[in-house]
Amino acid sequence: TEKSWGYYFTGHTNFDTILSHINATVPAFATADRILLTGGSAGGIGTFRNCDYLAGRVTSEVSCAPIGGMFFPGLTEDQADPYLPPSDFPHYSKGQSGGPFHDASTDELWQAYMHPKC
């Protein structure tokens, strides 16, 4: 799309395809007692976003351990929503919340999948 410079980001689609492939080619996957999903940096974001999805696809106990992935600190004093990044100075100095990434632009850019329960 125009917003993503003509690129397509399909991490969730890739994850779904990989799960299907593993399920079809690794017999032990269907009978696993426990599965650990982990990833670092951008993979950490994928871990956050796909943990519930994985748990819904398998009967195994699923644990998820993202290594990084939340690139913007939350829980700042100027934010009601802990998942928003800190406000930029022009907003903060006026007592307002806002700035880059305070909207859905990042999700739109990456065409991110978000589990409906999130």
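Just above, that's the structure.
**Q** Any details on the overall build of the protein? Residues and values, ideally.
**A** Looking only at helices and strands, the protein has four helices and two strands in total. Helices and strands in the protein line up, N terminus first, as α-β-α-β-α-α. In the protein, buried positions account for 23% of the 118 residues. Carbon and sulfur atoms make up 60% of the accessible area of the protein, which amounts to about 8,300 Å² in all.

**Q** Got a sec to walk through the pairing of strand S2 (residues 61-67)? Specific residues and values, please.
**A** Relative to S2, strand S1 (residues 34-40) runs parallel, the two being bridged by seven bridges. The residue of S2 that forms the bridge with Gly-40 is Ile-67.

**Q** So what about the state of the cysteines? Which residues, and what values?
**A** Evaluated as defined, the whole model comprises one disulfide. There is a disulfide in this structure between Cys-51 and Cys-64, and the S-S distance comes to 2.2 Å. On the S-S bond that ties Cys-51 to Cys-64, the torsion sits near 95 degrees, and the link is right-handed. Taken together, the residues span a long stretch of sequence, with Cys-51 in helix H2 (residues 42-57) and Cys-64 in strand S2 at a distance of 13 residues. With relative accessibility at 18%, the residue Cys-51 sits in the buried group.

**Q** I'd like a description of H2, backed by residues and values.
**A** The α-helix winds at 3.6 residues per turn, so residues separated by three or four positions along the chain end up facing the same way. Between its terminal C-alpha atoms H2 stretches 22 Å, which fits the 22 Å expected from 16 residues at 1.5 Å a residue. Along its length, H2 reaches its greatest deviation from straightness, about 50 degrees, at Asn-50. Within H2, burial applies to Gly-44, Thr-47, Arg-49, Asn-50, Cys-51, Tyr-53 and Leu-54.

**Q** Which residues make up the pairing of S1, and what are the values?
**A** Only one face of S1 is buried: it carries Ile-35, Leu-37 and Gly-39, and the other face, with Arg-34, Leu-36, Thr-38 and Gly-40, is open. This β-α-β element, S1 to H2 to S2, shows right-handed connectivity.

**Q** Pulling in residues and values, what's your account of the environment of Ser-60?
**A** Secondary-structure assignment places Ser-60 in the loop between H2 and S2. Using a relative accessible area of 9% as the deciding quantity, one classes Ser-60 as buried. Among all residues touching Ser-60, those that are not within four sequence positions of it are Phe-29, Ala-32, Asp-33, Arg-34 and Ile-35. A distance of 2.7 Å separates a polar atom in the side chain of Ser-60 from the backbone oxygen of Ala-32.

Reading the values: rules and limits
Residues numbered from 1 in each chain as written. Predicted model: local features only at pLDDT ≥ 70, side-chain atom pairs only at ≥ 80, totals over all residues. Heavy atoms only, no water. Helix = DSSP H or I, 4+ residues; strand = E, 2+ residues; numbered from the N terminus. Buried < 20%, exposed > 50% of the residue type's maximum accessible area, 1.4 Å probe, protein only. Areas by Shrake-Rupley, 256 points an atom, 1.4 Å probe, with all protein chains shown as cover. Pairing = 2+ DSSP bridges. Disulfide = S-S within 2.5 Å. Expected span 1.5 Å × (residues − 1). Bend = angle between axes of the 7 residues up to and from the residue. Right-handed = clockwise from strand over helix to strand, strands pointing away. Contact = heavy atoms within 4.5 Å. Polar contact = N/O pair within 3.5 Å; in protein donor to acceptor, adjacent residues only side chain to side chain.

Spatial relationships are all this shows, so hold off on functional conclusions.
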